Amino acid sequence: MVLVATWRDGLFVLAEILDQELGNESVRALAPDGRGGALAIVNRSLRRRAPDGVWSTIATTEMDLACCVAVGNVIYVGTDDARVLRIDADGELEQLRGFDDVAGRETWYAGSAVINGQRVGPPLGIRSITATPDGAVLLANVHVGGVPRSTDGGVTWQPTIDVDSDVHEVRAHPTRPGVVMAAAAIGLCASRDCGLTWDVQQEGLHAAYCSAIAFSGDDVLVSASVDHFATQGAIYRRRVDEQVSLVAVGEGLPAWTDGIVDTGCIATGGSAVALADRRGNVYVSADTGRSWSRRASGVPSPSSVLIV
């Protein structure tokens, strides 16, 4: 089952047919809940969708929430003003003050721009958050502010990659504790030491601006375009453990997606892969991205994709 969140029109559930849930609500981001269901940022609340489709509210706040990750019984949530919250098993919400004190925070800046007299693009905030499979390392992707990391459950944080790398999504490998990769404006960024140090790859990409990333089997998938507002993009892959050129993905996936595939819009689960482009075309693969079919089109303004 593929879940596609949207910025204004709730959640679309793609199984045999396409069904809509939470109509007319903003669903900002999706993440696995660790129990076979999904976590969702819905307006200013964190909600859970159980495997049977029943929704419940975990926590509500006055802050604008942006992303989340479950680590055991704890959920970490990033906000639009670049804060990190911690929610325990009882639903108690705590702001992690150590994140406010990370070195270099004063150099962070918003990823928005003024075009034709209007400010467009997202504010300074947490664009994605991830944890290594053993839960020992947390990494929060600040846009624009690098990827601070924590090894003590979010009590303290240290900066890692250069702020001007302009990272759009960070993901830890689901089974390899040391492997972390990120999609950034400078290309595909890879780390073998849980995000302490990074290498940057552009070879094989038609353009360096990368927006979304996910692991599928032994491969990494990354989306690339000329910029955030590009009318087309492409998906690339390479082996996680091989320093080889990235290769464009085809076999049923169009050479050019209709608009970019943005942060959170590539999802994997077992051998399944799903992605959504800016125009709301949803493509699904059952063989780790070797062959694809378009399963839906016209989904309004996708914000995130999840396979459950």
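Above this text you will find the structure in question.
Note that the coordinates shown come from a computational prediction; the quantities given were computed from them, not determined experimentally.

A. Looking closely at the pairing of strand 14 (residues 125-131). Across the 7 residues of strand 14, 7 count as buried, placing the element largely inside the fold. One ladder, built from 6 bridges, connects strand 14 with strand 15 (residues 138-143); its direction is antiparallel. By the bridge assignment for strand 15, Gly-125 is matched with His-143. Two successive antiparallel strands, strand 14 and strand 15, enclose a turn made up of 6 residues, where Gly-135 displays a positive phi of approximately 75°.

B. Geometry of the sheet that holds strand 26 (residues 266-269). Strands sit in the order 26-27-28-29 across an open sheet of 4 strands; the sheet is antiparallel. Two strands lie at the open edges of the sheet, namely strand 26 and strand 29 (293-296), each paired on one side alone. Sheet twist, expressed as the average angle between the axes of neighbouring strands with direction ignored, equals 25°. In terms of strand pairing, strand 27 (residues 272-276) meets strand 28 (residues 282-285) through 4 bridges, oriented antiparallel. Residue pairing in the sheet places Val-273 in a bridge with Ser-285 of strand 28.

C. Structural view of the pattern of salt bridges. A complete count under the given rule lists 20 salt bridges for this structure. Residues Asp-33 and Arg-48 are paired through a salt bridge, measuring 3.2 Å at the closest nitrogen-oxygen approach. Of this pair, Asp-33 sits in the loop between strand 4 (27-32) and strand 5 (38-42) while Arg-48 sits in strand 6 (residues 45-49), and the two are 15 residues apart along the sequence. Like Arg-48, Asp-33 is buried.

D. Here's a closer look at the sheet that holds strand 3 (residues 18-21). Ordered in space as 3-2-1-30, the 4 strands form an open sheet in which the pairing is antiparallel. Here the strands that pair on one side only, and so sit at the sheet edges, are strand 3 and strand 30 (302-307). Within the sheet, the average angular offset between the axes of one strand and its neighbour, ignoring direction, is 20°. Direction of pairing for strand 2 (residues 11-14) relative to strand 3: antiparallel, over a ladder of 4 bridges.

Rules used throughout
Throughout this description, residue numbers start from 1 for each chain and increase along the sequence as written. Owing to the predicted nature of the model, reporting of local features is limited to residues with pLDDT of at least 70; listing and counting of side-chain atom pairs is limited to 80 or more, with chain, interface and lining totals taken over all residues. For side-chain calculations, the full set of non-hydrogen atoms in the structure is used, while hydrogens and water are omitted. The buried label applies to any residue whose accessible area, calculated with a 1.4 Å probe on protein chains only, is under 20% of its type's maximum; exposed applies above 50%, and partly exposed to all values in between. Only DSSP runs of H or I covering at least 4 residues are called helices, and only runs of E covering at least 2 are called strands; the numbering of each starts at the N terminus. Strands qualify as paired when DSSP identifies two bridges or more between them. Angles here are taken between N-to-C directions and fall from 0 to 180 degrees, while the axes themselves are lines fitted to C-alpha atoms, restricted in helices to the stretch in contact. Salt bridges are defined as contacts in which a side-chain nitrogen from Lys or Arg sits within 4 Å of a carboxyl oxygen from Asp or Glu.

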